[in-house]
Amino acid sequence: MRRIARDDDAVSAAPVVAPHDRLGRPLRDLRISITDRCNFRCTYCMPRERFGREHAFLPRKSLLSFEEITHVARVFADLGVEKIRLTGGEPLLRKDVPRLVAMLAGIPGLELTLTTNAALLARQAQALKDAGLDRITVSLDSLNETVFHQMSDSDFSLQEVLQGIEAAEDAGFKPLKINMVVKRGVNDGEILDMVRHFRHSGHILRFIEYMDVGETNRWRMDEVLTAQEIIARIDAEYPLEAIGAHYPGEVAKRWRYRDGGGEIGIIASVTQTFCHECTRLRLSPEGKLFTCLFATQGHDLMTRVRGVNGKAGDSPEQLATWVSTIWADRGDRYSELRQTGLAPAGDKIEMSYIGG
């Protein structure tokens, strides 16, 4: 553990470890969005009417470089972070992602994961595995071509996504996690088809309640198919039993088929909130640190990394102290407050900007 500078010239005698936040939650996970661009226009995330041809994405020079991301990741690892997830937008749109993975893989003690829509995965899966990526999560909302296009609003075919999943399997990524956002009246009729396809595959299918992330998807509670309803539909055809979490703070509730067909997960951030166990910070492509998926503003990490007005950026010790202070002051629990009608007002940051 590095020792942390309290002043520009003074160094404390004791190492700084990120404290628990105001609700007693430790810092364990960092989600790094490496691009705000995506090749899909999913209606619940990047609706085309907002993210159309006229939308101005971040210029390349505004993004944290791979070297800066690795520098930041080392600081977070020293503070107790155990897992880093690369996300977006669509992270595989960023050029040479395997090189970033290889750089991060050189940091001891980190689990490296990546979330992707898999449309570009077939051509990169083996390089990601060779670089040291541990796990892949694929976002896939339907196995019906029509519904797939309705939700993704993209020019990619369902077959290209399935080929990406197959390539990831061949590269040694198993099990994959397959995330399905369920929206009532849109793709909830595809639940059992997804179950039948991924049962006995060795992969873990996870169902996500449709969430009010950002301000552009016009979320309504009546479009949420609840976790209880999802489980009931599956259990009626393929009996399930609940199983315990792998680790504290795991967001998905785990279930397995009683006949041995594998397991599924349910992420119920609307009806069965898990704010009290949240151990995650999120870093945007241009270096803003967010303490909640539903945050309305972030903290400027980029300036601390690059410096400003000719002044050098923070040392690792100074940066670690700054992060620790932010975490210690964290009290976010948006989903819990949503249930009581007391969720804070303000425009929430978009999921495509900081990842899910």
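Chemist: Would you mind going over the overall build of the protein in detail, with residue names and values included?
Modeler: Of the regular secondary structure elements, the protein holds 11 helices and 14 strands. For the protein, the C-alpha radius of gyration of 20 Å lies close to 21 Å, the compact-globule estimate for 356 residues. Taken across its 356 residues, the protein has 55% of its residues classed as buried. The long-range share in the protein, meaning contacts at least 24 apart out of those at least 6 apart in sequence, stands at 72%. Total accessible area computed for the protein in this model is approximately 15,700 Å², and 48% of it derives from carbon and sulfur atoms. A gap of 2 Å separates the mean positions of the 47 positive and 50 negative side-chain charges of the protein.

Chemist: Can you explain the sheet that holds strand 11 (residues 263-267)? Please cite residues and give values.
Modeler: Spatially, 9-10-11-8-7-6-5-4-3-12-13-14 is the arrangement adopted by the 12 strands of the open sheet, whose pairing is mixed. Each end of this open sheet is capped by a strand with a single partner; those strands are strand 9 (240-243) and strand 14 (299-300). Taken together, the five bridges between strand 3 (residues 29-33) and strand 4 (residues 83-87) define a ladder with parallel strand orientation. Across the sheet, Ser33 pairs through a bridge with Thr87, a residue of strand 4. Helix-sheet contacts for helix 7 (residues 227-237) involve strand 7 (177-182), strand 8 (204-209), strand 9, strand 10 (253-257) and strand 11, and the interaxial angle to strand 11 is about 160 degrees.

Chemist: Tell me what's going on with the pattern of salt bridges, and back it up with residues and numbers.
Modeler: Where charged atoms from two side chains of opposite charge approach closely, those side chains can pair. Considering all chains together, one arrives at 20 salt bridges under this definition. Put simply, Arg99 and Asp96 hold a salt bridge, and the shortest N to O gap is 3.2 Å. On the basis of relative accessible area, Arg99 is assigned to the partly exposed category, the value being 38%. Here Asp96 falls in the partly exposed class, since its relative accessible area comes to 40%.

Chemist: Let's hear about the nonpolar core: which residues, and what values?
Modeler: Within the largest apolar cluster, 111 residues are counted, with the highest numbers of intra-cluster contacts made by Phe76, Leu86, Leu140 and Phe207. Not counting the four nearest positions on each side in its chain, Leu86 is found in contact with Ile32, Ile34, Pro91, Val97, Leu100, Val101, Leu104, Thr113, Leu114 and Thr115.

Chemist: Break down the packing of aromatic side chains for me, with residues and values.
Modeler: Tallied over the full model, the rule gives three aromatic pairs. Here Phe40 and Phe156 contribute two aromatic rings whose centre-to-centre distance is 6.0 Å and whose plane-to-plane angle is 45 degrees, an arrangement assigned as tilted. Here Phe40, found in the loop between strand 3 and helix 1 (66-78), pairs with Phe156, found in the loop between helix 4 (145-152) and helix 5 (158-171); they are 116 residues apart in sequence, far enough to count as distant. When the centroid spacing of 6.3 Å and the interplanar angle of 75 degrees are considered together, the rings of Tyr238 and Tyr257 count as edge-to-face. Of this pair, Tyr238 sits in the loop between helix 7 and strand 9 while Tyr257 is found in strand 10, placing the two residues 19 residues apart along the sequence. By relative accessible area, Tyr238 is classed as buried at 16%. Taking NZ or CZ as reference, Arg199 lies 4.8 Å from the ring centre of Tyr257, over its face.

Chemist: How would you explain helix 1 if you had to name every residue and give the values?
Modeler: For helix 1, which comprises 13 residues, the first-to-last C-alpha distance of 18 Å matches the rise-based estimate of 18 Å (1.5 Å per residue) to within 8%. Of all the positions in helix 1, only Phe66, Glu68, Ile69, Thr70, Val72, Ala73, Val75, Phe76 and Ala77 are classed as buried.

Chemist: For the environment of Ser62, give the residues involved together with the corresponding values.
Modeler: As for its position among the elements, Ser62 is in the loop between strand 3 and helix 1. Discounting residues that sit within four places of it in the chain, Ser62 has contacts with Pro285, Glu286 and Met302.

Chemist: Could you give me a rundown of the pairing of strand 11, with the residues and numbers involved?
Modeler: When you tally the buried positions in strand 11, you get five out of five residues, the bulk of the element. Going residue by residue along strand 11, you find Glu263, Gly265 and Ile267 tucked away on one face and Ile264 and Ile266 tucked away on the opposite face as well. Strand direction decides the pairing type here: strand 8 and strand 11, joined by four bridges, are parallel. Opposite Phe207, over in strand 11, you have Ile266 as the bridge partner. Sheet topology note: the strand 10/strand 11 ladder contains four bridges and is antiparallel. Across the sheet, the residue bridging to Lys253 is Ile266, located in strand 11. Once strand 10 ends, the chain turns through five residues before running back antiparallel as strand 11, passing Gly260 with a positive phi of about 85 degrees.

Chemist: Before we move on, could you go through helix 4 and cite the residues and values that matter?
Modeler: For helix 4, every residue scored as buried is listed here: Val147, Phe148, Met151 and Ser152. Along the axis of helix 4, the buried positions cluster into a sector of 115 degrees, meaning they face one direction only. Check the buried side of helix 4 and you find it contacts helix 5 and strand 7. One side-chain oxygen of the residue at the start of helix 4 lies 2.9 Å from the amide nitrogen of Thr146, identifying that residue as Asn144. Looking at the residues trailing helix 4, positive phi occurs at Asp153, about 45 degrees.

Chemist: I'd like to hear about the environment of Asp153, residue by residue, with values.
Modeler: Along the chain, Asp153 falls in the loop between helix 4 and helix 5. Setting aside chain neighbours within four positions, we find Asp153 in contact with Arg41, Arg48 and Phe148.

Chemist: With reference to specific residues and values, describe the packing of helix 1 against helix 2 (residues 97-105).
Modeler: Interaxial distance between helix 1 and helix 2 falls to 10 Å at its minimum, and their mutual angle equals 30 degrees. Our classification of the angle between helix 1 and helix 2 gives roughly parallel. Relative to helix 2, helix 1 is oriented so that their crossing is right-handed. Of helix 2, the residues touching helix 1 (which contributes Phe66, Glu67, Ile69, Thr70 and Ala73) are Val97, Arg99, Leu100, Met103 and Leu104. For the contact of helix 1 with helix 2, the per-class residue count stands at seven nonpolar, one polar and two charged.

Quick notes on the rules
- Residues numbered from 1 in each chain as written.
- Predicted model: local features only at pLDDT ≥ 70, side-chain atom pairs only at ≥ 80, totals over all residues.
- Heavy atoms only, no water.
- Helix = DSSP H or I, 4+ residues; strand = E, 2+ residues; numbered from the N terminus.
- Rg over C-alpha atoms; globule rule 2.2 N^0.38 Å.
- Buried < 20%, exposed > 50% of the residue type's maximum accessible area, 1.4 Å probe, protein only.
- Contact = heavy atoms within 4.5 Å.
- Areas by Shrake-Rupley, 256 points an atom, 1.4 Å probe, with all protein chains shown as cover.
- Lys, Arg positive; Asp, Glu negative; His and termini not counted.
- Charge placed at Lys NZ, Arg CZ, Asp CG, Glu CD.
- Pairing = 2+ DSSP bridges.
- Axes fitted to C-alpha atoms, helices over the stretch in contact; angles between N-to-C directions.
- Salt bridge = Lys/Arg side-chain N within 4 Å of Asp/Glu carboxyl O.
- Core = buried A, V, L, I, M, F, W, Y, C linked by side-chain atoms within 4.5 Å.
- Phe/Tyr/Trp six-rings, centres within 6.5 Å; stacked < 30°, edge-to-face > 60°.
- Lys NZ or Arg CZ within 6 Å of the ring centre and 35° of its normal.
- Expected span 1.5 Å × (residues − 1).
- Arc of directions from axis to C-beta.
- Polar contact = N/O pair within 3.5 Å; in protein donor to acceptor, adjacent residues only side chain to side chain.
- Parallel < 35°, antiparallel > 145°, perpendicular 65-115°, else oblique.
- Left-handed = near helix turned anticlockwise from the far one by under 90°.
- Nonpolar A, V, L, I, M, F, W, Y, C, P; charged D, E, K, R; others polar.

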